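Architecture and fold: a report
Now for the letters of each chain:
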Amino acid sequence: MAYYHIWTIGCQMNQADSEQLATSLERLGYQSASEIEKADLIVLNSCVVRQSAENRVLGKLDLLKEIKRLSPDTVIALAGCMVDSEVAQLKHRFPHVALFLKPGQFNELLELAKAQAPKASGSFTTPKLSPTAFVTIIEGCNNFCSYCIVPYRRGREKSHPIAELRCQVESLVQRGAKEITLLGQNVDSYGHDLPDKPGLADLLQELNSIERLSRIRFLTSHPKDMSRKLIQAVASLEKVCEHISLPVQAGDDEILQAMGRGYTVQSYRELVEQIRFAIPTVALATDIIVGFPGETGEQFQRTIELISDLRFDTVHIAAYSARPGTLAAKRLKDNVSLSEKRRRLQEVEELQEKIASGINAQLLGQTMEVLVEGKKKGKWYGRTRTDKLVFFEKDADCLGQLVNIEVKKTSPWALQGSPKPSIVKT
Ligand code: SF4
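A few points on the structure. (Residues numbered from 1 in each chain as written. Predicted model: local features only at pLDDT ≥ 70, side-chain atom pairs only at ≥ 80, totals over all residues. Heavy atoms only, no water.)

Some details on the packing of helix α8 (residues 228-236) against helix α10 (residues 265-278)
Our working definition: Axis angles are defined between N-to-C directions and span 0 to 180 degrees, where every axis is a line fitted to C-alpha atoms and, for a helix, only to the segment in contact. Numbering goes from the N terminus for both helices and strands, where a helix is a DSSP run of H or I of at least four residues and a strand is a run of E of at least two. Any angle that falls under 35 degrees is termed roughly parallel, while one over 145 is termed roughly antiparallel, one within 65 to 115 roughly perpendicular, and all others oblique. Take the far helix as the reference: if the near one is turned anticlockwise from it by less than a right angle, the crossing is left-handed, and if turned clockwise, right-handed. The contact criterion used throughout is that any non-hydrogen atoms of two residues lie within 4.5 Å. Classification convention: Asp, Glu, Lys, Arg as charged; Ala, Val, Leu, Ile, Met, Phe, Trp, Tyr, Cys, Pro as nonpolar; all other residues, Gly among them, as polar.
The contact between α8 and α10 brings their axes to 9 Å, and the two run at 30°. One finds that α8 runs roughly parallel with respect to α10. In this structure, the crossing between α8 and α10 has a hand that is right-handed. On the side of α8, the interface is formed by R228, I231, Q232 and A235, while α10 contributes L271, Q274, I275 and A278. Among the residues forming the contact of α8 with α10, the class breakdown is five nonpolar, two polar and one charged.

Here we look at the sheet that holds strand β1 (residues 3-8)
Operational definition: Whether two strands pair depends on DSSP finding at least two bridges between them.
Taken in spatial order, the five strands line up as β2-β1-β3-β4-β5 in an open sheet, and their pairing is parallel. Here the strands that pair on one side only, and so sit at the sheet edges, are β2 (31-32) and β5 (99-101). Two strands pair when backbone bridges link them, and strand β4 (residues 75-80) and β5 are joined in this way by three bridges, in the parallel orientation. In the strand pairing of β5, A79 is matched with L101. Those strands touched by helix α4 (residues 107-115) are β3 (41-46), β4 and β5, and its axis lies near 140° from that of β5.

Re the site of the ligand
So the rule is basically this: Near residues are defined by distance, with any heavy atom within 4 Å of the molecule or strand qualifying the residue.
The local shell around the ligand consists of C141, N143, F144, C145, Y147, C148, V150, P151, Q185, H222 and R261. Among the residues making up the shell around the ligand, the classes are represented as seven nonpolar, three polar and one charged.

A short note on the pattern of salt bridges
Selection rule: Any Lys or Arg side-chain nitrogen located within 4 Å of an Asp or Glu carboxyl oxygen qualifies as a salt bridge. Exposure classes here rest on a 1.4 Å probe applied to the protein chains alone. A residue is buried below 20% of its type maximum, exposed above 50%, and partly exposed in between.
Taken as a whole and assessed by the stated rule, the structure comprises 25 salt bridges. Note that K229 is salt-bridged to D202, the shortest N-O span being 3.0 Å. Taken together, the residues span a long stretch of sequence, with K229 in helix α8 and D202 in helix α7 (residues 200-208) at a distance of 27 residues. Residue class for D202 comes out partly exposed when judged on its relative accessible area of 28%. As a salt-bridge pair, D309 and R269 come within 3.0 Å of each other at their nearest N and O atoms. Residue D309 is found in helix α11 (residues 297-310), and its partner R269 is found in helix α10; the two are separated by 40 residues along the sequence. Residue class for R269 comes out partly exposed when judged on its relative accessible area of 23%. Among the charged side chains, a salt-bridge network with shared partners connects E295, E340, R343, R344 and E347.

Concerning unusual backbone geometry
What you tend to see is this: most non-glycine residues have negative phi, and most peptide bonds are trans. At the junction of L219 and T220, the peptide bond is cis and its omega measures out at -5° in the coordinates. Within the fold, T220 resides in the loop between β10 (215-219) and α8. The backbone of R311 sits at a positive phi, close to 45°, despite the residue not being glycine. By the secondary structure assignment, R311 is in the loop between α11 and β13 (314-319). With a phi angle near 45°, K377 is a residue other than glycine that sits in the positive phi range.

A short note on the packing of aromatic side chains
This is how the line gets drawn: When two rings of Phe, Tyr or Trp (its six-membered ring) have centres within 6.5 Å they constitute a pair, described as stacked for plane angles under 30 degrees, edge-to-face for angles over 60, and tilted for the intermediate range.
Applying the stated criterion across every chain, the model contains six aromatic pairs. Relative to Y152, the ring of F144 lies with its centre 5.3 Å away and its plane at 80°, an arrangement referred to as edge-to-face. One aromatic cluster is present, formed by Y147, F292 and Y320 through successive ring pairs.

What to know about the environment of L237
Within the secondary structure, L237 sits in the loop between α8 and β11 (243-245). Not counting residues within four places of it along the chain, the set of residues in contact with L237 comprises L204, Q205 and N208.

Here's the deal with helix α6 (residues 162-174)
Applied cut-off: What a helix is expected to span follows from its residue count: subtract one and scale by 1.5 Å. What the arc covers is the set of directions going from the helix axis to the C-beta atoms.
Taking 1.5 Å of rise per residue, 13 residues should cover 18 Å, and α6 covers 18 Å from first to last C-alpha, within 8% of that figure. Buried within α6 we find I162, L165, V169, L172 and V173. Buried residues along α6 cover an arc of 100° about the axis, so they all sit on one side. Turned more than 90 degrees from where α6 packs its buried face, A163 and Q174 sit exposed. Of the surrounding secondary structure, the elements contacted by the buried residues of α6 are β6 (132-136), β9 (179-183) and α7. Phi for G176, located one or two positions after α6, is positive at around 115°.

Focus on α11
With 14 residues, α11 should reach 20 Å at 1.5 Å per residue; the first-to-last C-alpha distance of 20 Å fits that figure. For α11, every residue scored as buried is listed here: Q299, F300, T303, I304, L306, I307 and L310. For α11, the arc enclosing every buried residue in end-on projection is 160°, short of the 170-degree limit, so these residues lie on one face. In the core, the buried residues of α11 are packed alongside α9 (253-259), α10, β12 (283-290), β13 and α13 (338-361). Just past α11, the residue R311 takes up positive phi, approximately 45°.

Quick word on the sheet that holds β13
Reading across the sheet, the three strands line up as β11-β12-β13 and stay open at both edges, with parallel pairing between neighbours. Whereas interior strands pair on both sides, the edge strands pair on one side only; in this sheet they are β11 and β13. Geometrically, the sheet is characterised by an average inter-axis angle of 15° between neighbouring strands, direction not taken into account. The strands touched by α13 within the sheet are β12 and β13, with β13 carrying the most contacts at an inclination of about 175°.

This is the structure:
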């Protein structure tokens, strides 16, 4: 028996790529090794969007030198956004790595794995699937936000046709998936490169008709591209969850312009108003970057005001770090000190903690549908349609089931509850 180990960091696109790779390797007869030292084939699926992510990949690569020294037959592959056009340089830097694979491009690895595959292809069993699965609907990005390396590493937008995606989702549902998250760096531009130019709303409509699929989500939207038609689709299609991730990044127009985001604070506020009007129960998530080059204290306060006014359910916060090769790194001076970035980050975190605490407290006593994803420390956990994490206790196995949970306790990060007498759906 041969073993593989995939280590993944970064966005959900990377996670989806890794899940797909794991499935393909298991089809070839490989088994997952929980400990990296035991694997014959090791894949690092890397991310360079933030310096901290890149540092962790470099740390792993260092560790693998020793593994390769002790077991010279181990095949090591570096995949994902760290693999750019300078493969020769990477080879020179990391001689213990056998393969360098651009994001989502695993063919070379699969060919090699096939050639060395254990003689187990006849006894292949379909790998067990989590109740939630990711499907990439559009690769790459055409936006070139000034701080972002993604378009350089993942290339231009390329949508997968609706028929192909339907087949993929049906196959995941057959293997037990109940919830599908459609992924793209900018899902709102889905389809513009396909012959009949369908939109994300058309794709949602198509997938909504798949029997035994309970929930559909999509990530990530771009405020400049979200259409009325899409908002209406979320409002009217019963399987599409009331949860939208809409990164604003900053609350000041000059900073938004320097970021190259293509919208203003006012147009963002209007979009949020439109969404909340059409989908009153919607949960909104956003991303914020603090300490962008040139961001003054006053400009940062506008971000604070925006967060206070719009009261998001979730805010993902990052301190700006220059990514070599991006427009911001080339043209703008990273002039907000690290200590000030940290201070701003903490200010946003503290504000958001209060907001999320207030929003979640309103859920006390309500009954919410939860899709059970697993068990941690003796408690089942899962998510509501609005993406709230919920923990509860129950003796029976309810993995992959939709259960009704009455919320008994809330915090800014999660809810605790108890099951209502009957499981609503399986
Ligand atoms: S929309 Fe902007 S931030 Fe998002 S992936 Fe594209 S370039 Fe990067």
